[in-house]
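# Notes for the structure review
The primary structure of each chain is shown beneath.
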Amino acid sequence: MNPPMTRNHTRSGIPLKDFYTAEDLSGFDSERQLGAPGEYPYTRGRRPQAEGGWMQRELSGEGDPARSNAQLQYLLSQGQIGLDVIGDSPTMAFLDPDHPIAAHAVGTQGVSLCCLDDYRVLYKDLPLDSIVVSGSLPPAIAVAGLYLVASERGVSPDRLRGSVIQAPFYAEDCGYAIQMPFQLRLRMACDCIAFCAREMPRFHSFVEDTYFFSEAGLNGVDEIALGMVEIRHVVKELLKRNVPIDSFAPRIAILVNCGMDFFEEIAKIRATRRLFARMMREEFGARDRRSWSVVITSHTSGLSLTAEQPVNNIVRGAIQSLALVLAGVQALEISAFDEAYRTPSPESHRVALRTQQIVYLESNVSKVVDPLAGSYYVESLTDEMENRIRERIREIESMGDPADLAEKGWFRRFFEQAMTEYAAAVAAGTLPKVGHNVFRISEEEDTLLKEIVEGKIEPCRERIEAIRRYKETRNVDSVRLALDALRKRAEEERENIMPYVIEAFRAGATMGEIGGMLRLAYGWPYDPHGLVESPF
């Protein structure tokens, strides 16, 4: 949990000195704890070369697939070199747009996607064989959509690059709940990873997203510890299925948060690389060097932003992105200055992307790998972060099987307490937020950028009727056969269900129908909200 916040502690509660000396690194073994960049234990980064920078991208998705396609084309035209698409609330919750509770949220916080036709439109005219396509979307469906659209265009699956997020442990508790039993969520994650290891070997099918649950108010130690607990459990599950560690571990990535504690965030990322490398080599027996060097990507903290004086959020994004570049991340997204209000506007997308481009092209900070290495302060802080994260992992795993903890609601209570503590710290002013609880100005003065940030995104209600028409005009018999096959395979727990998800999607089934059949296979209601009956 979050310790009391004082001026002489980091966000994770690590005591700080006025200055650091060589005595703070007494016993420090540079070969064991650092190594060279591109060498075990990868504290200093995955590669020894500085050239090339990082993948600059911004989270996108809004309205219907055509509108989001235009947004993606715009970002590529502005110099973005990778895509990251987020679904709207119904999509993230495995609900079709015509579900009764979806009407007011369709397309407002991301793009509405539910069938193969949607992915065809979303990826229209995008060079899938030469760009990186990442999705903050239900992973099995996102993989199915990309796989099928690429196949239709003659792009071999083994050429596809991108990523999906796997969050079987935590999504129900502090993210988008898909209302499925834990064992089904875990199976879907493992099946997707195993399928991609075989069919899409360049695709990162296992992104551990510590960002979304750390936005509950977690500090850096708890963020990485919980991420490692989930990674470890999923890896052990895959090994039980006889999936070779080196077939999937090179494509594990961690999407970390980056808050405003500048040096702690840098130390957190360096410690994460070292922990991961040792875990993979020494505990899980990975032999491929790529399995030891985890890809680190990051999204700057939306929780750090304020609705008041939104122009200040540009400064926050610049500070956080600089920390991430100094830490050596592989990809970076800046939370746009209007994120406290809406999904990014074109103006905020451009500012965020230009911030990255200025850091890269004008500051020279990316010309040297791990430039802070050897700093008494940074190395001391990296060691302390590593030790505290490792101890937190031990503490959580000593309480029992993490799967049992998830099913019993332990993690939910953990997140709720973190939220409460964070909110109390902001309210008390012990966690300063300029413009919100310190250096406030009146609403009359607070006008800069307000016209942009307060622009409303109306629900894309035409999607509701469009999906109804789609369901009426497709080949219902083909859909029924494919969904029946999916349900039967899901009832056989040893079978990988990804090929059947793909075939159901190809036949015309929607995401909501696929999710409903999977719930039925596990003895749950077709619709967890009790409002829709299975049409099949």
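One can find the structure itself at the top, above this paragraph.
The rules we used
- Residues numbered from 1 in each chain as written.
- Predicted model: local features only at pLDDT ≥ 70, side-chain atom pairs only at ≥ 80, totals over all residues.
- Heavy atoms only, no water.
- Helix = DSSP H or I, 4+ residues; strand = E, 2+ residues; numbered from the N terminus.
- Rg over C-alpha atoms; globule rule 2.2 N^0.38 Å.
- Buried < 20%, exposed > 50% of the residue type's maximum accessible area, 1.4 Å probe, protein only.
- Contact = heavy atoms within 4.5 Å.
- Areas by Shrake-Rupley, 256 points an atom, 1.4 Å probe, with all protein chains shown as cover.
- Lys, Arg positive; Asp, Glu negative; His and termini not counted.
- Charge placed at Lys NZ, Arg CZ, Asp CG, Glu CD.
- Salt bridge = Lys/Arg side-chain N within 4 Å of Asp/Glu carboxyl O.
- 1 Å grid on protein atoms, 1.4 Å probe; cavity = no way out; pocket = protein on both sides within 12 Å on 5 of 7 lines; lining within 4 Å.
- Points joined across faces, edges and corners; volume = space filled by probe spheres on them.
- Core = buried A, V, L, I, M, F, W, Y, C linked by side-chain atoms within 4.5 Å.
- Axes fitted to C-alpha atoms, helices over the stretch in contact; angles between N-to-C directions.
- Left-handed = near helix turned anticlockwise from the far one by under 90°.
- Nonpolar A, V, L, I, M, F, W, Y, C, P; charged D, E, K, R; others polar.
- Expected span 1.5 Å × (residues − 1).

Another aspect to go through is the overall build of the protein. Counting its regular elements, the protein contains 22 helices and nine strands. Its C-alpha radius of gyration of 23 Å places the protein within 12% of the 24 Å reference for a compact globule of 536 residues. Looking at the protein as a whole, 58% of its 536 residues are labelled buried. The contacts in the protein between residues at least 6 apart in sequence include a share of 78% that link residues at least 24 apart. Total accessible area on the protein is roughly 21800 Å²; 51% of this is exposed by carbon and sulfur atoms. Of the charged side chains in the protein, 61 are positive and 77 negative, and the gap between their average positions amounts to 4 Å.

With that settled, the discussion passes to the pattern of salt bridges. In this structure the tally under the stated criterion is 37 salt bridges. Of the charged contacts, one joins Glu-333 and Arg-57 as a salt bridge, the two residues approaching to 2.7 Å between their closest N and O atoms. Residue Glu-333 is found in strand β9 (residues 331-333), and its partner Arg-57 is found in the loop between β1 (55-56) and β2 (59-60); the two are separated by 276 residues along the sequence. Judged by its relative accessible area of 7%, Arg-57 falls in the buried class. Between Lys-471 and Asp-96 there is a salt bridge, with its nearest N and O atoms 3.1 Å apart. Note that Lys-471 is positioned in helix α19 (residues 462-473) and Asp-96 in the loop between α3 (89-92) and α4 (116-122), a separation of 375 residues in sequence. Considered together, Lys-471 and Asp-96 belong to a single accessibility category, that of buried residues. Among the charged side chains, a network of salt bridges with common partners joins Arg-274, Arg-278, Asp-383, Glu-386 and Arg-390.

Using the criterion set out here, one finds four cavities of 30 Å³ or more in the structure. There is about 50 Å³ of room inside the largest cavity. Asn-313, Ile-314, Gly-317, Ile-334, Ser-335, Ala-336, Phe-337, Ser-348, Val-351, Ala-352 and Thr-355 together form the lining of the largest cavity. Only α13 (312-327) and α14 (346-362) provide two or more residues apiece to the lining of the largest cavity.

So, on to unusual backbone geometry. The omega torsion of the bond from Tyr-40 to Pro-41 falls at 10 degrees, within 30 degrees of zero and hence cis. Among the secondary structure elements, Pro-41 is positioned in the loop between α1 (30-33) and β1. Even without being a glycine, Tyr-42 presents a positive backbone phi close to 65 degrees. Position of Tyr-42 among the secondary structure elements: in the loop between α1 and β1. According to the relative accessible area criterion, Tyr-42 is buried, its value standing at 2%.

This part takes up the nonpolar core. Met-280, Phe-411 and Phe-415 are the most contacted members of the largest nonpolar core, which has 82 residues in total. Among the elements that line this core, the one with the most residues is helix α9 (residues 220-240), at 10 residues. Once residues within four sequence positions are removed from consideration, Phe-411 is found in contact with Phe-169, Tyr-170, Asp-173, Leu-226, Ile-396, Pro-402, Leu-405 and Ala-406. In terms of nonpolar packing, the next biggest core, distinct from the first, is built from 58 residues, Leu-146, Ala-150, Cys-196 and Ile-514 among them.

In the contact formed by helix α20 (residues 476-491) and helix α22 (residues 511-521), the axes pass within 8 Å of each other and the chain directions differ by 35 degrees. Handedness of the crossing formed by α20 with α22: right-handed. In contact with Val-479, Leu-483, Leu-486, Arg-487, Ala-490 and Glu-491 of α20, α22 contributes Glu-513, Ile-514, Met-517, Leu-518, Leu-520 and Ala-521. Its residues assigned to classes, the contact of α20 with α22 comprises nine nonpolar, no polar and three charged.

So, about helix α5 (residues 139-152). For α5, built from 14 residues, the straight-helix expectation of 20 Å at 1.5 Å per residue is met to within 8% by its first-to-last C-alpha distance of 20 Å. α5 sits mainly inside the fold: 11 of its 14 residues count as buried. By the burial criterion, the buried members of α5 are Ala-140, Ile-141, Ala-142, Val-143, Ala-144, Gly-145, Leu-146, Tyr-147, Leu-148, Val-149 and Ala-150. Against the buried residues of α5 lie α4, β5 (161-165), α7 (182-199), α21 (498-507) and α22. Downstream of α5 by one or two residues, Gly-154 has phi in the positive range, about 80 degrees.

Right, let's get into the environment of Ala-105. With respect to the helices and strands, Ala-105 occurs in the loop between α3 and α4. By relative accessible area, which is 18% here, Ala-105 ends up buried. Between the C-alpha atoms of Ala-105 and Arg-461, which are 356 residues apart in sequence, the distance is 8.9 Å.

This brings us to the side chain of His-233. Tracing the backbone through its elements, the reader meets His-233 in helix α9. Under the relative-accessibility criterion, His-233 is labelled buried at 14%. Ignoring sequence-local partners within four residues, the contact set of His-233 consists of Phe-169, Leu-186, Asp-401, Pro-402 and Ala-403.

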